[in-house]
Amino acid sequence: MIIEETRFPGLFVIQPKVFEDERGYFFESFSAANFEKATGIKADFVQHNQSKSSKGVLRGLHFQREPYTQAKLVRVLSGTILDVVVDLREGSPTYQQHFSIEMSAEDKKQLFVPRGFAHGFVILSDTAEFFYCVDRPYAPNFDDGIRFDDNSLNIDWKLDKLSLILSEKDKALGSLADAAGKFKF
């Protein structure tokens with residue numbers, strides 16, 4: 001696999017090497033040993049999650065507060081999504097900036113999101129299945145987030161804002177300013 005660090009320290013795009021023939025394809029979606037060798041990060045995933053959503057569904061921007069922060073490895077099993085992360089690590093050179101990447105089942109790209117980032121995604125295709133691994137279990141009492149439309153972030157979600165579908169929980173999330181100072185780099 002090709003592992004490329006973005007301009008955000010610790011945030012990596014992973015492109016697996018795909019072997020295709022008349023039978024279909026095969027690829028190694030993740031190797032902890034290869035990832036650690038390339039990045040210096042030991043990834044120990046303890047929970048796997050999967051969701052299916054229809055076009056316009058936006059999930060996020062979510063994070064867990066200390067001591068239950070999570071690193072994530074995310075990928076798309078079917079369809080196309082726009083994945084967005086926000087660096088909340090005070091002292092990071094990319095603090096309070098966002099990164100977005102379009103990912104699909106066809107391109108098989110993955111994103112490794114380190115602890116200290118808010119994460120969200122929106123479905124761009126008719127439907128999409130999204131899969132992610134986390135290195136700490138879900139802790140509902142430490143669940144938090146940032147509004148998807150926070151003006152200071154100015155995220156282009158690639159769809160008309162009026163067509164987006166959010167949960168009541170996500171509609172009630174706080175601002176980027178509310179999340180300031182929760183993580184150190």
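To keep things clear, this report deals only with the structure shown in the data block. (Residues numbered from 1 in each chain as written. Predicted model: local features only at pLDDT ≥ 70, side-chain atom pairs only at ≥ 80, totals over all residues. Heavy atoms only, no water.)

A short note on the nonpolar core
Side chains that are nonpolar tend, in soluble globular proteins, to be buried together. Cut-off, in case you're wondering: The nonpolar core is taken to be a set of buried Ala, Val, Leu, Ile, Met, Phe, Trp, Tyr and Cys residues, with the residues joined through side-chain atoms within 4.5 Å. When accessible area is computed with a 1.4 Å probe and restricted to protein chains, residues below 20% of their type maximum are described as buried, those above 50% as exposed, and intermediate ones as partly exposed. Each helix is a run of DSSP H or I of at least 4 residues and each strand a run of E of at least 2, with the numbering of both proceeding from the N terminus. By the convention used here, residues are in contact when the closest approach between their heavy atoms is within 4.5 Å.
Ranked by size, the top nonpolar core spans 20 residues in total, and within it L61, V86, L88, I146 and W157 carry the most contacts. Of all elements in the fold, only strand 6 (58-64), strand 8 (80-87), strand 12 (117-123) and helix 3 (176-179) reach the threshold of two or more residues within this core. Setting aside its immediate chain neighbours within four residues, L88 contacts F63, Y95, G116, F117, A118, I146, L176, A179 and F183. Of all hydrophobic cores here, the second largest spans 18 residues; its members include V74, V85, L111 and F130.

Side note on the packing of aromatic side chains
Under the convention used in this document: When two rings of Phe, Tyr or Trp (its six-membered ring) have centres within 6.5 Å they constitute a pair, described as stacked for plane angles under 30 degrees, edge-to-face for angles over 60, and tilted for the intermediate range.
The tally for this structure, following the rule as stated, stands at 11 aromatic pairs. Where F30 meets F45, the ring centres are 5.4 Å apart and the plane angle is 65°; that geometry is what we call edge-to-face. Remark: F45 occurs in the loop between helix 1 (32-39) and strand 5 (47-54) and F30 occurs in the loop between strand 4 (24-27) and helix 1; sequence separation between them is 15 residues. On the basis of an interplanar angle of 65° and a centroid distance of 6.5 Å, the ring pair of F148 and W157 is categorised as edge-to-face.

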